[in-house]
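Commentary on secondary and tertiary structure
What follows is each chain in one-letter form.
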Amino acid sequence: MSDATFSGGQKASLLVADPHTRKRNAAESRFRGYGLAAIIVSMVMLVVLLFTILTGGLGAFRQTYLEIPVTLDAAQLDKSGTRDPEAIKKVLTLTYGKILQQALDKAIADKGIQVADLSDKDRAGLISKEASAQLRNRVLADPELIGQTVETRVLVNGRVDGYYKGRVSMESAARDGNTSPAQLQLADALKAQGMLATTWNWSFLTMPDSSDQRPESAGVGIAILGSLYMMLVVLVLSVPIGVAASIYLEEFAPKNRWTDIIEVNISNLAAVPSIVFGILGLAAFINFAGLPQSAPIVGGLVLTLMTLPTIIIATRAALKAVPPSIRDAALGVGASRMQSVFHHVLPLALPGILTGTIIGLAQALGETAPLLLIGMVAFVKNFPAAPPDGLFDPASALPVQVFNWTQRADPAFMERASGAIIVLLVFLLCMNLLAIFLRRKFERRW
Amino acid sequence: MKPAQLSVSALAVIAATASVASARDQIQVAGSSTVLPYSTIVAEAFGENTDFPTPVVESGGSSAGLKKFCEGVGENTIDIANSSRPIKDSEKEACKAAGVTDIMEVRIGYDGIVFASDIAGNDFQFTAADWFNALAAEVVKDGKVVANPYTKWSEIRADLPEQEILAFVPGTKHGTREVFEEKVIAAGCKESGAAEVFAKEKGEEDGESACMALRTDGKSVDIDGDYTETLARIQSAKNGIGVFGLSFYENNTDKLKVATIGGITPSTETIAKGEYPVSRPLFFYVKKQHIGEIQGLKEFAEFFVSDEIAGPEGPLAAYGLVADPELATVQKAVADEVTMAE
């Protein structure tokens, strides 16, 4: 309001500003300029960051599949002819790879696809190695399929997939030992026949990690689950402990040297580098308490220790912000101190506590360093069971998955890593939106 | 201190329930980042083709892995350590002190170390002596020991391209660094004749360490991260030359150009024949005391070195591992559970 009257009055004003006023006004407008510049710089950074992550990572949400009829030859898959699951299990993925190969060769011949300089290696490399494992699992689940011809949707090699996402070009393929222009031409020909298509990739969100040879099948399924389990542990442990500790310190504890020492230590803990909590976790939870390695329960405990100071500091600040008159009024009408805290002070402090908790959780969600030492930076392929047992099974975590994938040799993993960052950012965004929503909702009660 | 106490008591409750939880049923592996891709490939295939769960594989480096391996025997210690170098005597002693007495050493094959530069850059034909002269802190010039004066490759040898010297070498925490020092720098020191001059001027021992000392004026950059970091550095500094594992190079042939050493181009074939000089064996170590305790441990070790996996036609060779010509001996040793000599 004052802005408007000031700028409106400037032209018509008869006031001649003295040098001192002009100087002050100039200083003010300079300061506004600095502030605006700071905001612009940070916005530009954010846009650049988001742009690089999105351009690099959106590809992970789309995946190229090939759809071919596969004849499950009984002579190769079930020599005994009994359809006995134990006998079928003896047939390894290698054989299924050959069956897929025969199916692809047949499809190429049937459609009359001709590609110059197409080597055996190019044809063999088109289908992902993951496909034979998937086909084997499908047959094991339903042995009756043996002998039939089934339409099968198989993943294609990461390089061919990269070709349709612009990561691989004909020029780079010519120099690339893992693909060739002929292989890409074959893929183009299959696409023209409608057998090959790049579609939305749900499996990126549900599949586990995969080894270096098959980036096309890698997903963040276990990482999401592991992160969720850890957040569950953090939430269940750190909120009651943190809130109880702060209520005691703020409302009940006598103000003496001991509480001062505790207070200094808590503030100090909040600033301790997170790797230190990892060392503590390794010593206390794995070596001393004998908890399993790579388990979300240990990760959750370590992150709880890390989050506690943040929650305690935020909760104490929120409790302090409640006017003393509220407490006095409650005590005045005969409430006990506990009643005054739980009926009046805590509900009013809740928005602040929630914000602190969610900020602490978000910080914990993105943490990698403490997990390094407790064996969670690992290749995990089996999904953990449902909680509470699953808390003790090996699992990965989202930031760990990003870290792991950026170290892999195949450039396709870089795309996966950016994709995992997008997933992580979406989770953080949801958490922050929830914090804002809850704060707004509770703040109306003032 | 309060929250720490509280959470320790919370932990006690959880630990009590944890001890009731079932025994660990998956194999745990940790160690060398060079062996990691091979180990994950095998773990994945093992999980797919057997009824055992897929082993959990951690990275972290050979030394870190062996340290964890030697922490003791029991369910919350790892079963297998991957290593890109043989276990040291000091590590064996640490193992023994912690009760890890029966260790099986399994050699899975050989890995080549290659020198590669940006795809659009110059071609290089190196010798080990070139690398010594380019990166050593002190070199011999006209019969005298001088601080390394070279700034361009062409100053070292006229037929090398006129390009600034800039090398990205693995940091000291990597097993690769030892191989690089031993098979390239020290070999180059001898090859160029500098070793003799150093030994004469500084004495036997100081001469040897002078051979290994790398220059610190920014021409030789230690990379503590992985090969992906080396690649990123080369892409931003186009005249840099990086040290990579053969399998990493083979996955990035569209971005990197490999240099020859002594006229030999690195490949699985030339390494298998012993023509390419810079290679080293890769190992994993099995805690024999865990066989029988941890389901599938022996099966995993046998699966790892089987012909279908580690043989010349297997997936590991396809990824860049040089198959061990004596694989049959290794297979037999694993089947018989032969442990290392004390």
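Residues numbered from 1 in each chain as written. Chains lettered and ligands numbered in written order. Predicted model: local features only at pLDDT ≥ 70, side-chain atom pairs only at ≥ 80, totals over all residues. Heavy atoms only, no water.

On the surface, a cluster of negative charge is made up of Glu204, Glu205, Asp206 and Glu208 of chain B. Within the element layout of this structure, Glu205 of chain B appears in helix α9 (residues 204-212). (Patch = residues over 30% accessible without salt bridge, like charges linked within 9 Å, V, L, I, M, F, W, Y side chains within 5 Å. Areas by Shrake-Rupley, 256 points an atom, 1.4 Å probe, with all protein chains shown as cover. Salt bridge = Lys/Arg side-chain N within 4 Å of Asp/Glu carboxyl O. Lys, Arg positive; Asp, Glu negative; His and termini not counted. Charge placed at Lys NZ, Arg CZ, Asp CG, Glu CD. Helix = DSSP H or I, 4+ residues; strand = E, 2+ residues; numbered from the N terminus.)

For the rest of this paragraph, the subject is the domain arrangement of chain B. How big an interface is tends to be stated in terms of the accessible area lost upon association of its parts. Residue and element names in this part refer to chain B. Segmenting chain B into domains produces domain 1 (19-111 + 281-335) and domain 2 (112-279). Averaged C-alpha coordinates put domain 1 and domain 2 at centres separated by 31 Å. Domain 1 puts 13 residues into the contact, and the matching count from domain 2 is 18 residues. Summing the contributions of domain 1 and of domain 2, the shared interface buries around 1,100 Å²; its carbon and sulfur component is 47%. Sorting the residues of domain 1 by area buried against domain 2 places Asp111, Tyr319 and Val322 first, and these three jointly supply 44% of that buried surface. Where domain 1 touches domain 2, the interface holds zero salt bridges. (Domains from an automatic or database assignment. Contact = heavy atoms within 4.5 Å. Buried area = accessible area lost by both parts, 1.4 Å probe.)

Glancing now at the nonpolar core. By size, the foremost hydrophobic cluster in this structure holds 86 residues, and its most contacted members are Phe115, Trp131, Leu135, Trp153 and Phe180 of chain B. Each of domain 1 (19-111 + 281-335) and domain 2 (112-279) of chain B contributes no fewer than three residues to this core. Trp153 of chain B has contacts with Phe124, Phe126, Asp130, Trp131, Ala134, Leu160, Pro161, Gln163, Glu164, Ile165, Leu166 and Ile241 of chain B, leaving out every residue within four places of it along the chain. Within the second largest apolar cluster, 59 residues are counted, among which are Ile297, Val302, Trp405 and Ala417 of chain A. (Core = buried A, V, L, I, M, F, W, Y, C linked by side-chain atoms within 4.5 Å. Buried < 20%, exposed > 50% of the residue type's maximum accessible area, 1.4 Å probe, protein only.)

For an α-helix, 3.6 residues make a turn, and residues three or four places apart therefore share a direction. Between the first and last C-alpha of helix α12 (residues 221-252) of chain A there are 45 Å, a value that for 32 residues agrees with the 46 Å anticipated at 1.5 Å per step. Where α12 of chain A bends most, at Ser238 of chain A, the angle is about 30°, and the proline Pro240 of chain A comes one to four residues later. (Expected span 1.5 Å × (residues − 1). Bend = angle between axes of the 7 residues up to and from the residue.)

What follows concerns a nonpolar patch on the surface. Residue and element names in this part refer to chain A. A grouping of Ile39, Met43, Leu46, Leu49, Leu50, Leu54, Leu58 and Leu425 is seen on the molecular surface, where their side chains present a nonpolar patch of about 680 Å² in accessible area. Element by element, the count of residues in the nonpolar patch is highest for helix α2 (residues 19-57), at six residues. Secondary-structure assignment places Leu46 in helix α2. A relative accessible area of 42% means that Leu46 is categorised as partly exposed.

With that settled, the discussion passes to the sheet that holds strand β2 (residues 149-155) of chain A. Residue and element names in this part refer to chain A. One open sheet accounts for three strands, arranged β2-β1-β3; its pairing is antiparallel. The sheet is open, and its two edges are formed by β2 and β3 (196-200), each paired on a single side. Each adjacent strand pair in this sheet contributes to an overall mean axis angle of 35°, direction not counted. Relative to β2, strand β1 (residues 62-71) runs antiparallel, the two sharing seven bridges. Looking at the pairing, Tyr65 lines up with Leu155 of β2. Together, β1 and β2 form the strand contacts of helix α7 (residues 129-141), whose direction differs from that of β2 by roughly 140°. (Pairing = 2+ DSSP bridges. Axes fitted to C-alpha atoms, helices over the stretch in contact; angles between N-to-C directions.)

The next subject is the interface of chain A and chain B. Counting from both sides, the interface comprises 51 residues of chain A and, opposite them, 45 residues of chain B. When chain A packs against chain B, the two sides together hide about 4,200 Å² of surface, and 57% of this comes from carbon and sulfur. It is Gln213, Gln293 and Phe379 of chain A that lose the most area in chain A upon contact with chain B, and together they represent 15% of the buried surface on that side. Between Glu48 of chain B and Arg214 of chain A there is a salt bridge, with the nearest N and O atoms lying 2.5 Å from each other. Counting across the chain A and chain B interface gives 22 residue pairs in polar contact (both at pLDDT 80 or more). Listed by contribution, the elements that provide at least two residues to the side of chain A that touches chain B are α5 (93-110), α7, α9 (170-175), α12, α14 (274-288), α15 (296-321) and β4 (378-379) of chain A. Here the side of chain A that touches chain B gets five residues from one element, more than from any other, and that element is α15 of chain A. Examined bridge by bridge, β4 of chain A and strand β2 (residues 56-60) of chain B share two bridges and lie antiparallel to one another. Across the sheet, residue Ala378 of chain A finds its bridge partner in β2 of chain B, namely Glu58 of chain B. (Polar contact = N/O pair within 3.5 Å; in protein donor to acceptor, adjacent residues only side chain to side chain.)

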